[in-house]
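# Summary of the model geometry
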Amino acid sequence: MKLNVGERLPNFTKEEQKMVNGSYDFVGVNYYTSRYVQATKLTGNESTSPSYSNDQQLTMLTEKNGVPIGEQAGGFDQIYVYPAGLLKVLQHMKLAYKNPKIFITENGYPDKRNDSIPIKTALQDDKRIMVIQEHLYYVKNAISKGVNVKGYFVWSIVDGMEMNSNYSIRFGLCYVDYLDNYKRYPKKSITWYRKLITNETSG
């Protein structure tokens, strides 16, 4: 990175290094998808200005040998479901950063907004349950391997406005009826998740 960025990379004084060293309480990880990466060497003749993306000198890919890294999420074409990638991220954090305290601050599954679907049908979000369950499996796997994971948060409690997507996708465990005064209805996933986190097995 130092070689690629050169003088554009700021330097910390000794005092600043001392100030920031160990100053965080935990590391938050937002995880939804993964990518393959392919190295790309800049020739120096590129017409584009130096940037974060160019500095990486890589191309991100969703396929390898024609096979997608995971199933494309129905609601958002940038998300390919790859739960095992979360384990790899957590293991990397452990090895590269001396096993910091980690919280999974965002993880979830999007549905495409379609107001023509009956609400009763939209509440049956079995795919969301499956995807969250698969990610939690790998979080548990990471913990068993010594990764210092202290918490997990589903995104999101209700359908809401999403970055770059506005109200076109639904991540919520509760359905929001945008056409009827934003009434909220619990989806199947919220009942499942409540039972999971309260260790409730009956009913």
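An account of the accompanying structure is given in this report. As the structure is a computational prediction, the values presented were derived from the model and not from experiment.

### Some details on the overall build of the chain
- When you go through the chain residue by residue, the secondary structure sums to seven helices and 13 strands.
- Seen through its principal axes, the chain has C-alpha atoms that stretch 60 × 40 × 40 Å.
- A total of 203 residues make up the chain; the buried ones form 31% of that total.
- Pairs at least 24 apart in sequence give 63% of the contacts found in the chain among residues at least 6 apart.
- Counting every atom, the chain has about 13800 Å² of accessible surface; 54% of that belongs to carbon and sulfur.
- Of note, the chain has its 26 positive side-chain charges centred 7 Å away from the centre of its 20 negative side-chain charges.

### Notes on the pattern of salt bridges
- All told, the structure shown has eleven salt bridges when counted by the stated rule.
- In this structure, Glu71 engages Lys127 in a salt bridge whose closest nitrogen and oxygen atoms are separated by 2.8 Å. Remark: Lys127 occurs in helix α6 (residues 126–144) and Glu71 occurs in strand β6 (residues 71–72); sequence separation between them is 56 residues.
- Residue classification places Glu71 among the partly exposed residues on the basis of a relative accessible area of 46%.
- Measuring nitrogen to oxygen at the nearest pair gives 3.1 Å for the salt bridge that ties Asp159 to Lys187. Taken together, the positions of Asp159 in the loop between β10 (149–152) and β11 (169–170) and Lys187 in the loop between β13 (183–186) and α7 (188–197) put the pair 28 residues apart, joining distant regions of the chain. No difference in accessibility class separates Asp159 from Lys187, as the two residues are buried.

### As for the packing of aromatic side chains
- Within the structure shown, the criterion is met by eight aromatic pairs.
- Geometrically, the ring pair formed by Tyr137 and Tyr138 is edge-to-face, given 5.0 Å between the ring centres and 85° between the ring planes.
- Overall, the relative accessible area of 52% leaves Tyr137 in the exposed class.
- Judged by its relative accessible area of 23%, Tyr138 is partly exposed.
- Three or more aromatic residues link up through ring pairs in this structure, and these residues are Phe26, Phe103 and Phe153.
- If you follow Arg170 out to its NZ or CZ, it ends over the ring of Tyr175, 4.0 Å from the centre.

### Details of the packing of α6 against α7
- At their nearest, the axes of α6 and α7 sit 8 Å apart, and the two run at 30° to each other. As judged from the angle between their axes, α6 and α7 are roughly parallel. The interaxial crossing formed by α6 with α7 has right-handed handedness. Packed against α6, whose contacting residues are Asp126, Arg128, Ile129, Ile132, Gln133 and Leu136, the element α7 presents Lys188, Ser189, Trp192 and Leu196 at the interface.
- Classifying every residue of the contact of α6 with α7 gives five nonpolar, two polar and three charged.

### Considerations on the sheet that holds β10
- One open sheet holds the three strands; their spatial order is β1-β8-β10, and the pairing between them is parallel. Lying at the two open borders of the sheet, with one neighbouring strand each, are β1 (27–30) and β10. On average, each strand axis in the sheet is tilted by 30° relative to the strand beside it, whichever way the strands run.
- The sheet contact formed by strand β8 (residues 102–106) and β10 spans three bridges and is parallel. Each residue of the ladder has a partner; that of Phe103, found in β10, is Gly151.
- Running at roughly 165° to β10, α6 makes contact with β8 and β10 of the sheet.

### A word on α6
- The end-to-end C-alpha separation of α6 is 27 Å, in line with the 27 Å expected for 19 residues at 1.5 Å each.
- All buried positions along α6 are accounted for by Arg128, Ile129, Val131, Ile132, His135, Val139, Asn141 and Ala142.
- Positive phi shows up at Gly146, right after α6, with a value of about 95°.

Rules of the game
- Residues numbered from 1 in each chain as written.
- Predicted model: local features only at pLDDT ≥ 70, side-chain atom pairs only at ≥ 80, totals over all residues.
- Heavy atoms only, no water.
- Helix = DSSP H or I, 4+ residues; strand = E, 2+ residues; numbered from the N terminus.
- Buried < 20%, exposed > 50% of the residue type's maximum accessible area, 1.4 Å probe, protein only.
- Contact = heavy atoms within 4.5 Å.
- Areas by Shrake-Rupley, 256 points an atom, 1.4 Å probe, with all protein chains shown as cover.
- Lys, Arg positive; Asp, Glu negative; His and termini not counted.
- Charge placed at Lys NZ, Arg CZ, Asp CG, Glu CD.
- Salt bridge = Lys/Arg side-chain N within 4 Å of Asp/Glu carboxyl O.
- Phe/Tyr/Trp six-rings, centres within 6.5 Å; stacked < 30°, edge-to-face > 60°.
- Lys NZ or Arg CZ within 6 Å of the ring centre and 35° of its normal.
- Axes fitted to C-alpha atoms, helices over the stretch in contact; angles between N-to-C directions.
- Parallel < 35°, antiparallel > 145°, perpendicular 65-115°, else oblique.
- Left-handed = near helix turned anticlockwise from the far one by under 90°.
- Nonpolar A, V, L, I, M, F, W, Y, C, P; charged D, E, K, R; others polar.
- Pairing = 2+ DSSP bridges.
- Expected span 1.5 Å × (residues − 1).

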